[in-house]
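The chain contents come next:
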Amino acid sequence: MRGVVMHAPGDVRVEEIDDPKITAPTDAIIRLSAACVCGSDLWPYRGVDSVDQPTPMGHEYVGIVEEVGSQVRNVKPGQFVVGSFVSSDGTCEICRSGYPSSCVHRVFMNEVGTQAERALIPNADGTLVATPGMPDAELIPSLLAASDVLGTGWFGAVAAQACPGRTVAVVGDGAVGLLAVLAAKQLGAERIIAMSRHETRQKLAREFGATDIVTERGDDGVAKVKELTGGLGAHSVVEAVGTQESMQQAIRSARPGGNVGFVGVNHDVALSGEELFFAQVNLLGGPAPVRRFLPELIGLIWDRKIDPGKVFDLTLPLEQAAEGYRAMDERRAIKALLTP
């Protein structure tokens, strides 16, 4: 089958790779209906994360179940499914406490690679959720978003305790940040401040529910958030980038007693204990427990109450995956959808 393989920073190829095979009774194999390039895929593409050998790429996926292992009970061949970017068994104590992305048997799906024609899904019962029926074509981008970026933005907003009466600030205008805006709106936030310097992304943030746009970054951005909130800072802040600057900006934008949900993949972030001590903010984040939210998110999408698929502003055939990486790296695209 055909699949995306990264050979070195900037070197993405589509080539013949092995077909997946059931190796455990809890596995499933799906035929991909859509995959995509994630912002986190750009870290190795840019050389920030090392690429030591040819590596299959991708961790976001939707598709049709083709085969299941003998112990799989929750999904069956022929069903359309959405799965989390982290495979989880759904039964361990950590899964049952609401954090399946830290399952004791977790598998990060980038270790499998889902930018391909077919994919092996470990722990299928605890990872995959079937849709109510076969979706219309226009729903597939939104269902694909639920696999990671929507679920991650949603977790960022939940971790920041976005709710009615609160002001939420979102640091980062990539797909995750934009969908954190959508999540904050759905969770009832009264005011949503999107921090963005890009006109097209600002426009989408407004469509998703942003009430204010802040173009400044760093301490200037913090000052603007404080100005908009009577000098206090936001009740809730979502950090959706993963850099030193974005994390500091998020913490400093929150008021004392506020909440910061950090979901940007962390790269060399070091926080001052003294600053945290006097900031008096609550921090919660990490790999989003997407599987926990999937039934609710699929329901909202299926009922046409949200349209997170709008973050896909570039659609390419799988064979042109390298262009999808380039477009996102050069910020010509928010997120690239790949059709196998």
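Anything mentioned here points back to the structure above.
Note that the structure is predicted; figures quoted are calculated from it, not measured.

Regarding the overall build of the protein
Phase 1 of the analysis: The helix and strand tally for the protein stands at 12 helices and 18 strands.
Phase 2 of the analysis: Scaling as 2.2 N^0.38, a compact globule of 340 residues should have a C-alpha radius of gyration of about 20 Å, and the protein matches this with 19 Å.
Phase 3 of the analysis: Considering only C-alpha atoms, the protein reaches an extent of 60 × 40 × 40 Å along its principal axes.
Phase 4 of the analysis: For the protein, buried positions account for 53% of its 340 residues.
Phase 5 of the analysis: Considering only contacts in the protein between residues 6 or more positions apart, those separated by 24 or more positions represent 68%.
Phase 6 of the analysis: For the protein, the accessible surface area stands at approximately 14000 Å², while carbon and sulfur atoms represent 48% of it.

Looking at the sheet that holds strand E15 (residues 254-262)
Phase 1 of the analysis: The parallel open sheet is built from 6 strands, whose spatial order is E13-E12-E11-E14-E15-E16. Where the open sheet ends on each side, the last strands, each with one partner, are strand E13 (212-214) and strand E16 (282-285). Between one strand axis and the next, the sheet turns through 20° on average, direction left out of account.
Phase 2 of the analysis: Judged from the 3 bridges that link them, strand E12 (residues 191-195) and E13 form a sheet pairing that is parallel. If you follow methionine 195 over to E13, its bridge partner there is valine 214.
Phase 3 of the analysis: Most of the contacts of helix H8 (residues 218-228) go to E12, to which it runs at about 165°, and overall it touches E12, E13 and strand E14 (234-239).

Quick look at the sheet that holds strand E2 (residues 11-16)
Phase 1 of the analysis: Strand order across the open sheet formed by 3 strands is E2-E1-E4, with antiparallel pairing between neighbours. Two strands bound the open sheet, and with one partner strand each, they are E2 and strand E4 (55-56).
Phase 2 of the analysis: As paired strands, strand E1 (residues 2-8) and E2 are joined by 6 bridges and run antiparallel to one another. Counterpart to arginine 2 in the pairing with E2 is glutamate 16.

Here's the deal with the nonpolar core
Phase 1 of the analysis: Grouped together as the largest cluster of nonpolar side chains are 56 residues, with contacts concentrated most on Val62, Leu143, Leu150, Trp154, Leu179, Phe208 and Val311.
Phase 2 of the analysis: Broken down by element, this core gets its largest block of residues, 9 residues, from helix H6 (residues 175-186).
Phase 3 of the analysis: Leave out the neighbours within four places in its chain, and leucine 143 touches Val62, Phe80, Val82, Thr131, Pro135, Ile298 and Ile301.
Phase 4 of the analysis: Of all hydrophobic cores here, the second largest spans 18 residues; its members include Val12, Leu318, Ala327 and Ala333.

Here is what the cut-offs are and how they apply
Residues numbered from 1 in each chain as written. Predicted model: local features only at pLDDT ≥ 70, side-chain atom pairs only at ≥ 80, totals over all residues. Heavy atoms only, no water. Helix = DSSP H or I, 4+ residues; strand = E, 2+ residues; numbered from the N terminus. Rg over C-alpha atoms; globule rule 2.2 N^0.38 Å. Buried < 20%, exposed > 50% of the residue type's maximum accessible area, 1.4 Å probe, protein only. Contact = heavy atoms within 4.5 Å. Areas by Shrake-Rupley, 256 points an atom, 1.4 Å probe, with all protein chains shown as cover. Pairing = 2+ DSSP bridges. Axes fitted to C-alpha atoms, helices over the stretch in contact; angles between N-to-C directions. Core = buried A, V, L, I, M, F, W, Y, C linked by side-chain atoms within 4.5 Å.

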